[in-house]
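Structural description and commentary
Now for the letters of each chain:
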Amino acid sequence: MFSAHTVICGAGILGLTIARELIKAGFDDIIIFDKEPAPGMHASGRNSGVLHAGIYYDPGTLKAQMCLEGNRRMQAYCEENGLPLFKSGKVIVARTETELDTLDELERRATANGCTVEMIDKTQLAELEPNAKTVERALHSPFTAVVDSKKILTAMHHELDTSGKVRFFFNTRFLDKGYDSVLTSEGPIKYSLFINAAGAYSDRVAHAFGVAPNYRLLPFKGIYHKLKKPAADQINGSIYPVPNIKNPFLGIHFTRSVHGDVYVGPTAIPAFGRENYGILKGLDAEFLSILFQDLNLFMGNEKFRQVAMEEPRKYFFKYFFNDTAKLVKHISPDDFISTSKMGIRPQLVNTDTCELVMDFVIKRHNNTIHILNSISPAFTSSMYFAELTVKDHVEGIY
């Protein structure tokens, strides 16, 4: 039997950053295991790379508390380690007059969260993003940045792997809870402290421990397209729409990457598997269960019903294009090319209330900690998220 004082399930960005914080707190016997052959093979390594600046989140929530400081720390980490960092900034534009009230609400939230934002007019918008269009005004976020998520994951993995304090077990799948151990495909691993950072599977792991039985993760598929030149040259940073702040999705947007490519997306299409990256790829025995949960939400939740009726159309390029064309002055269907970039967003649902959970959720049970709903801005927030998790749920107990 393998053993360590602390065992972390999941080698995504939160598993890695929590391990770094545990080392800072004096922990020196840690195992991180993951079912994949390398770190961050799913959400952590498939996101847009945008470091958010705390604009969207209700003051007082964990997201609001963690996002801006997480942004600062991740930018500093990239600068200290020579990793790609593009201080792009972002503009949020209004497509209709009815969105102006929400734009004002975003400014209010950002200010309450300590963020630096500026409401700008069309002339100022044209100076930042000449091709962006808006109704009356737009919101500018100068501290939004873009990183290479995979290079950050690689750097953190190397740092931990060479510390002498962390062992990585890849190709190792969580099977069940044992007695002060977890049962894995490579045998049991005994622990004094167990941390569930399993991302899209964190609800399954939590349920094995009898934790959060009323929470389920439902997958949403994020499809991207890519702009070719010269259209790509007309996007300087990031152009986002005003989102529906009753839902946790930000809408299709334009993002210039650290490598100069311009991606458009992602969608938020209800998926039927936690790794359903293709039409049929990633479907498994859970398909019917997910379909049943989707139907329950469709019948009982108006916000989900709106997403479920609008987003699947964006499988068809006509609808995807029509959505993006509302954000810019000049764009043509011929400006887009296909890309393999695609992600799955595991969205937490409270099955008792039939509501999408908007904030991060952390549950402690005995000597286990379960991180649920680690969705955007989890990557942005991860370094500060990890510090607060260790301070609030680990230190003083171990």
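Residues numbered from 1 in each chain as written. Predicted model: local features only at pLDDT ≥ 70, side-chain atom pairs only at ≥ 80, totals over all residues. Heavy atoms only, no water.

The protein chain has the name Aminobutyraldehyde dehydrogenase in an unreviewed UniProt entry, where Pseudodesulfovibrio nedwellii is given as its organism. Note on the protein chain: under the UniProt heading Sequence similarities (unreviewed entry), the record states "Belongs to the L2HGDH family." Its UniProt record gives the protein chain the following Cofactor (unreviewed entry) comment, quoted word for word: "FAD". (UniProt positions renumbered as here; feature names shortened; annotations may be inferred.)

**Observations regarding the UniProt feature "domain: FAD dependent oxidoreductase" (unreviewed entry) in the protein chain**
In this numbering, the UniProt entry assigns the feature "domain: FAD dependent oxidoreductase" (unreviewed entry) to residues 6–390. Segment residues 6–390 splits into 31% helix and 25% strand. End C-alpha atoms: 12 Å apart. (Helix = DSSP H or I, 4+ residues; strand = E, 2+ residues; numbered from the N terminus.)

**With respect to the sheet that holds strand S4 (residues 50–51)**
Read across the sheet, three strands follow the order S4-S9-S5 without closing on themselves; strand pairing throughout is antiparallel. For this open sheet the edge positions go to S4 and strand S5 (85–86), each flanked by a neighbour on one side alone. One ladder, built from two bridges, connects S4 with strand S9 (residues 145–147); its direction is antiparallel. Within S9, the residue paired with Leu-51 across the bridge is Ala-145. (Pairing = 2+ DSSP bridges.)

**Some details on the environment of Ile-120**
By the element assignment, Ile-120 lies in strand S7 (residues 118–121). The exposure class assigned to Ile-120 is buried, which follows from its relative accessible area of 3%. Separated by eleven residues in the primary sequence, Ile-120 and Arg-109 place their C-alpha atoms 17 Å from one another. Sequence-distant contacts of Ile-120, that is, excluding residues within four places in its chain, are made with Val-91, Leu-125, Leu-128, Arg-137, Ala-138 and His-140. (Buried < 20%, exposed > 50% of the residue type's maximum accessible area, 1.4 Å probe, protein only. Contact = heavy atoms within 4.5 Å.)

**Overview of the nonpolar core**
Membership of the largest hydrophobic core comes to 43 residues, with the highest contact counts inside it found for Ile-8, Leu-22, Ile-32 and Ile-152. A total of eight residues in this core trace back to one element, the largest contributor, which is helix H11 (residues 378–393). Among the nonpolar cores identified, the runner-up in size contains 25 residues, and Ile-31, Ala-198, Ala-212 and Leu-348 belong to it. (Core = buried A, V, L, I, M, F, W, Y, C linked by side-chain atoms within 4.5 Å.)

**Here we look at the packing of aromatic side chains**
To describe a pair of aromatic rings, you give the distance between the ring centres and the angle between the ring planes. In the structure shown here, the tally under the stated rule is 16 aromatic pairs. Look at Phe-168 and Phe-170: their rings are 5.5 Å apart centre to centre, the planes differ by 10°, and that puts the pair in the stacked class. In this arrangement the basic side chain of Lys-90 is found over the ring face of Tyr-240, its NZ or CZ atom lying 4.1 Å from the centre. (Phe/Tyr/Trp six-rings, centres within 6.5 Å; stacked < 30°, edge-to-face > 60°. Lys NZ or Arg CZ within 6 Å of the ring centre and 35° of its normal.)

**Side note on the pairing of strand S22 (residues 342–350)**
Side-chain direction in a regular strand flips from residue to residue, so the side chains alternate between the two faces of the sheet. Counting buried positions along S22 gives nine out of nine residues, so the element sits mostly inside the fold. Burial of the side chains of S22 extends over both faces: Met-342, Ile-344, Pro-346, Leu-348 and Asn-350 are buried on one face and Gly-343, Arg-345, Gln-347 and Val-349 on the other. Where strand S15 (residues 215–223) lies against S22, nine bridges are found, and the strand directions are antiparallel. Note on S22: the bridge partner recorded for Ile-223 is Met-342. Across two bridges, S22 lies against strand S23 (residues 355–356) in antiparallel orientation. Across the sheet, residue Val-349 finds its bridge partner in S23, namely Leu-356.

**Here's the deal with the pattern of salt bridges**
Scanning the entire structure with this criterion turns up 24 salt bridges. Two residues, Lys-35 and Glu-36, come together in a salt bridge whose shortest N-O distance is 2.6 Å. The exposure class of Lys-35 is partly exposed, given its relative accessible area of 22%. One salt bridge connects Glu-105 with Arg-109, and the closest N-O pair in it is separated by 3.0 Å. (Salt bridge = Lys/Arg side-chain N within 4 Å of Asp/Glu carboxyl O.)

**Things to note about the packing of helix H8 (residues 287–300) against helix H9 (residues 302–310)**
In contact at an axis separation of 6 Å, H8 and H9 are set at 115° when each is read in the N-to-C sense. In this structure, the crossing between H8 and H9 has a hand that is left-handed. Of H9, the residues touching H8 (which contributes Asp-294, Leu-297, Phe-298, Met-299 and Gly-300) are Glu-302, Phe-304, Arg-305, Ala-308 and Met-309. Its residues assigned to classes, the contact of H8 with H9 comprises six nonpolar, one polar and three charged. (Axes fitted to C-alpha atoms, helices over the stretch in contact; angles between N-to-C directions. Left-handed = near helix turned anticlockwise from the far one by under 90°. Nonpolar A, V, L, I, M, F, W, Y, C, P; charged D, E, K, R; others polar.)

**Thoughts on the sheet that holds strand S25 (residues 368–372)**
Read from one edge to the other, the open sheet built from six strands follows the order S10-S3-S2-S14-S25-S24, with strand pairing classed as mixed. For this open sheet the edge positions go to strand S10 (166–169) and strand S24 (361–365), each flanked by a neighbour on one side alone. Taking each pair of neighbouring strands and ignoring which way they run, the sheet shows an average axis angle of 15°. Sheet topology places strand S2 (residues 6–9) next to strand S14 (residues 193–196); four bridges connect them, and they run parallel. Directly across from Ile-8, in S14, lies its bridge partner Ile-195. The sheet contacts of helix H1 (residues 13–24) involve S2, strand S3 (30–33), S10, S14 and S25, and relative to S3 the element is tilted by about 175°.

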